[in-house]
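Commentary on secondary and tertiary structure
Each chain, written out:
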Amino acid sequence: MNSQIANLEYEGLEELLGQKARELVLAIDQGQLHTAIDLINQLQQARHQVFYNEVGHLTRGLHEAIKSFSSDIGEKIGSRDVVSSGMPTMSDASDRLAYVIELTDKNSHETMDRVDKSLTLVDRLDHQSERFRDLLLLVGQLEGDFKALDGVYDRTCMVKNESEKTVAELKSVLTEILVSQSVQDITGQLIRRVITLMTQVETQLVKLMEMASKVERLSGMDVSKKVARESKVAEDQIKAQGPQLKNKEANAVSNQDDVDDLLSSLGF
Amino acid sequence: MKKDIKILVVDDFSTMRRIIKNLLRDLGFTNVDEADDGRTALPILKQGRIEFLITDWNMPGMTGIDLLKEVRSDPELAHIPVLMVTAEAKREQIIAAAQAGVNGYVIKPFTAVVLKEKIEKIFERIS
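Residues numbered from 1 in each chain as written. Chains lettered and ligands numbered in written order. Predicted model: local features only at pLDDT ≥ 70, side-chain atom pairs only at ≥ 80, totals over all residues. Heavy atoms only, no water.

- As annotated in an unreviewed UniProt entry, chain B carries the name Chemotaxis protein CheY and comes from Nitrincola tibetensis.

- Chain A has the name Protein phosphatase CheZ in an unreviewed UniProt entry, where Nitrincola tibetensis is given as its organism.
- A UniProt comment under Sequence similarities (unreviewed entry) is attached to chain A, and it reads "Belongs to the CheZ family."
- Per UniProt, chain A has the following entry under Subcellular location (unreviewed entry): "Cytoplasm". (UniProt positions renumbered as here; feature names shortened; annotations may be inferred.)

**Description of the confidence of the model for chain B**
Residue and element names in this part refer to chain B.
- Looking at chain B, the pLDDT average stands at 93 and 99% of residues meet or exceed 70.
- For chain B, the element scoring lowest by mean pLDDT is helix H5 (residues 112–126), at 89; helix H3 (residues 64–73) scores highest, at 97.
- Listed scores for the predicted complex are pTM 0.67 and ipTM 0.81. (pLDDT = per-residue confidence, 0-100. Helix = DSSP H or I, 4+ residues; strand = E, 2+ residues; numbered from the N terminus.)

**Some remarks on the environment of Gln-181 of chain A**
- Tracing the backbone through its elements, the reader meets Gln-181 of chain A in the loop between helix H6 (152–180) and helix H7 (183–219).
- Separated by 77 residues in the primary sequence, Gln-181 of chain A and Thr-104 of chain A place their C-alpha atoms 9.4 Å from one another.
- Apart from residues lying up to four places away in sequence, Gln-181 of chain A is in contact with Ser-108, Thr-111 and Met-112 of chain A together with Thr-15 and Ile-19 of chain B. (Contact = heavy atoms within 4.5 Å.)

**Thoughts on the side chain of Lys-20 of chain A**
- With respect to the helices and strands, Lys-20 of chain A occurs in helix H2 (residues 10–29).
- Among the polar contacts made by the side chain of Lys-20 of chain A, one reaches the side chain of Gln-42 of chain A at a distance of 2.6 Å. (Polar contact = N/O pair within 3.5 Å; in protein donor to acceptor, adjacent residues only side chain to side chain.)

**With respect to the interface of chain A and chain B**
- Opposite the 37 residues of chain A that make contact, chain B presents 37 residues.
- Here chain A packs against chain B, burying approximately 3300 Å² in sum over the two surfaces, 60% of which is carbon and sulfur.
- Joining chain A to chain B, the criterion identifies six salt bridges.
- For Asp-185 of chain A, the salt bridge goes to Lys-108 of chain B, with nearest N and O atoms at 2.7 Å. (Buried area = accessible area lost by both parts, 1.4 Å probe. Salt bridge = Lys/Arg side-chain N within 4 Å of Asp/Glu carboxyl O.)

**What about the sheet that holds strand S3 (residues 50–55) of chain B?**
All names here are of chain B.
- In spatial order, the strands read S2-S1-S3-S4-S5; together these five strands make up an open sheet with parallel pairing. Edge positions in the sheet fall to strand S2 (32–35) and strand S5 (104–107), since each has one partner strand and no second. The average angle at which neighbouring strand axes cross in this sheet is 20°, direction not considered.
- In this sheet, S2 lies alongside strand S1 (residues 6–10) in parallel orientation, the contact comprising four bridges. Looking at S2, one finds that Val-9 is bridged to Glu-34.
- The sheet strands contacting helix H1 (residues 14–26) are S1, S2, S3 and strand S4 (82–86), and the helix crosses S2 at an angle near 170°. (Pairing = 2+ DSSP bridges. Axes fitted to C-alpha atoms, helices over the stretch in contact; angles between N-to-C directions.)

**Considering the environment of Phe-123 of chain B**
Residue and element names in this part refer to chain B.
- Assignment of secondary structure puts Phe-123 in helix H5.
- The exposure class of Phe-123 is buried, given its relative accessible area of 8%.
- Between the C-alpha atom of Phe-123 and that of Pro-81, which follows or precedes it by 42 residues, the distance is 8.6 Å. (Buried < 20%, exposed > 50% of the residue type's maximum accessible area, 1.4 Å probe, protein only.)

So, in structure tokens, the structure goes:
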């Protein structure tokens, strides 16, 4: 009788209830009060057992889903050259996200290396422009002596000014490229937030699985199915709050002007 | 404005430290130290010689707002102007920073013009 209840599933509950109810009515009709009470206890036990078994199923299902998600993602990411060369054994999603931060960081620095190099070249152009000015002065002096050079000085000056303007523009664009690398910081902070969230979910999941295995032991479920306990717990507790998603945060300012307004209202 | 003053840039992202350093260099400030959070910044500050502090808010270890409070509560450091450069954009946070004694507040992502303007403004007020 007890083993019938111990392995009871939700699907079998109704049938069991019907059967026990009929037995209960029969027992009462026959005046067997002791058997009737026993049947009521069994009914109660059946209800609890179904609940416990369902929790067990749910937990195992969750565990399996996360395991298959993990290996699925692992296969997909692992097949890409950029990752397979550097990270052959990425074991969980947090590691992968941390790796995204690492990659974008590396990429940003490489971009900035190139910007720095370009700025050096711009400096060289500036320097060449100075030498050009010296040569131009010479042309200016010669202009008086050679009629054929008439107007050459002015025209060359114009070209030189245009060129200096272009160089200045180039320099400002390069600075913009440099500053735009700050997106790595913003995305990195957001990813860290997700990592923190995932770590919390993982910790809660481990607790849930521990709870489920207790339920299974208490209810005498098949031990061979017991959920493998995960011991990996929050190793990287980042307390960071991260950037606000401005359109979602009701009380966040949306740009530097708002910050300036707020500060000036505070007497800044 | 003295260009040889020593500046400390505190941010946990090396990308951001580098950007700020480069913009400072554009402004003529080349004497720049770096730290990756408040905890590593404090010993550098306590060695003295830092005359301007630029810090992020959100960092592991010690946050920028805690660093700001430490700086303001230390008589040796209290005079140092502090510019906060951060993605934290809640009104309460900006007000909290102002109350803690910040000298300027720039939200990320920023433009070169904005950052330079805020830095220059702080130096104008000091001198």
